[in-house]
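The primary structure of each chain is shown beneath.
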Amino acid sequence: MTATAPTAVITGASSGIGAATARRLAAAGYRVVLTARRTERIEALAAELTAAGHAAVAYPLDVTDRAAVEAFAASLDAYPSVDVLVNNAGGALGADPVASADPQDWRTMYETNVLGTLHLTQTLLPALTAAGAATSGAGTVVIVSSTAGHGTYEGGGGYVAAKHGAHVIAETLRLELCGTPVRVIEVAPGMVKTEEFASTRFKGDLTRAAAVYAGVSEPLTADDVADTIEWAVTRPAHVNIDLLVVRPRAQASNYKVHRES
Ligand code: NDP
């Protein structure tokens, strides 16, 4: 690891796709800055990566807290550059129909998946632009949306609305940044079996959480998605992977999932 190694900030690095992305980008030579609310988890991952010879630091952060995000962005002034931002923090809460869904769940999903992405992107954009200028265009914003950002399903309304919001940030930002040295990549995963996504959605109901993956022989893993993020981020600086939709082979659409009985 050199002093001038590029830096990647990953939100939601305490579990699942974010943790896997941190591992991948660290192995690819990035200094990784791990953020999430659960301090002990990101500190443990940073220690693991550091012990393996990588550069990794943990910074506890709630992406919905604008003031905290601004303080985090200011703390990065100490780094030689901030080259990559992976907006991964987010998730689903509830699967109730529009007619009976809890507005607080919708508020939380919007705050996390949409406004969290906005806060991080706005505050880090000056540093990403400076890094892009120094590297002929390699400043990179990644937004982890979802196939829920591209089509709806019954009971998905609040999550689908939030992930459409994340998708629209990616599309709009790419238009607005055209001509600047920053590229905008959207990764939209389908079914990924991570340890917490479904149990968070169903608020600890592990039976409902397990039913999401029932009979699906090989859902995507967190590392499958991290692999696509690493690939997109490490393309030459003039190449912008606009959108990667990644599903397991057993899932042809949000509706069509092959389940073995
Ligand atoms: P996990 O539940 O394992 O991870 C979610 C991460 O987001 C955790 O690290 C959590 O950390 C963090 N997070 C949640 N709220 C906040 C917050 N307010 N501030 C900071 N961090 C927060 O889920 P996945 O890894 O599966 O999902 C990662 C992303 O991928 C999410 O955006 C999700 O919507 C998306 N996705 C997931 C799919 C799946 O099937 N699993 C499919 C498509 C997209 P902490 O609690 O420590 O703050």
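Criteria and thresholds
Residues numbered from 1 in each chain as written. Predicted model: local features only at pLDDT ≥ 70, side-chain atom pairs only at ≥ 80, totals over all residues. Heavy atoms only, no water. Helix = DSSP H or I, 4+ residues; strand = E, 2+ residues; numbered from the N terminus. Rg over C-alpha atoms; globule rule 2.2 N^0.38 Å. Buried < 20%, exposed > 50% of the residue type's maximum accessible area, 1.4 Å probe, protein only. Contact = heavy atoms within 4.5 Å. Areas by Shrake-Rupley, 256 points an atom, 1.4 Å probe, with all protein chains shown as cover. Lys, Arg positive; Asp, Glu negative; His and termini not counted. Charge placed at Lys NZ, Arg CZ, Asp CG, Glu CD. Near = heavy atom within 4 Å. Polar contact = N/O pair within 3.5 Å; in protein donor to acceptor, adjacent residues only side chain to side chain. Nonpolar A, V, L, I, M, F, W, Y, C, P; charged D, E, K, R; others polar.

Caption draft 1: Structural view of the overall build of the protein chain. Helices and strands together make up the secondary structure of the protein chain, namely 8 helices and 7 strands. For 261 residues, the compact-globule formula gives about 18 Å, and the C-alpha radius of gyration of the protein chain, at 18 Å, lands near that figure. Projected onto its principal axes, the C-alpha positions of the protein chain cover 50 × 40 × 35 Å. Burial analysis of the protein chain (261 residues in total) assigns 50% to the buried set. In the protein chain, the share of contacts with a sequence separation of at least 24, taken over all contacts with a separation of at least 6, comes to 72%. As displayed, the protein chain offers around 11,700 Å² of accessible surface, 56% of which is attributable to carbon and sulfur atoms. Across the protein chain, the mean location of the 20 positive side-chain charges is 4 Å away from that of the 26 negative side-chain charges.

Caption draft 2: Main features of the side chain of Q251. The topology assignment puts Q251 in the segment after β7 (243–246). A residue is classified by how much of its surface remains accessible, and Q251, at 9% relative accessible area, is buried. Setting aside residues up to four positions removed in sequence, Q251 forms contacts with G190, M191, K256 and V257.

Caption draft 3: A look at the site of the ligand. Taken together, 30 residues lie near the ligand, and S14, S15, R37, Y159 and T194 sit nearest. The separation between an oxygen atom of the ligand and a polar side-chain atom of S15 is 2.8 Å. K163 places a side-chain nitrogen or oxygen 3.0 Å from an oxygen atom of the ligand. Every element with two or more residues in the shell around the ligand is listed here: α1 (16–27), α4 (103–134) and α5 (157–177). When the residues that make up the shell around the ligand are grouped by side-chain class, the tally is 11 nonpolar, 14 polar and 5 charged.

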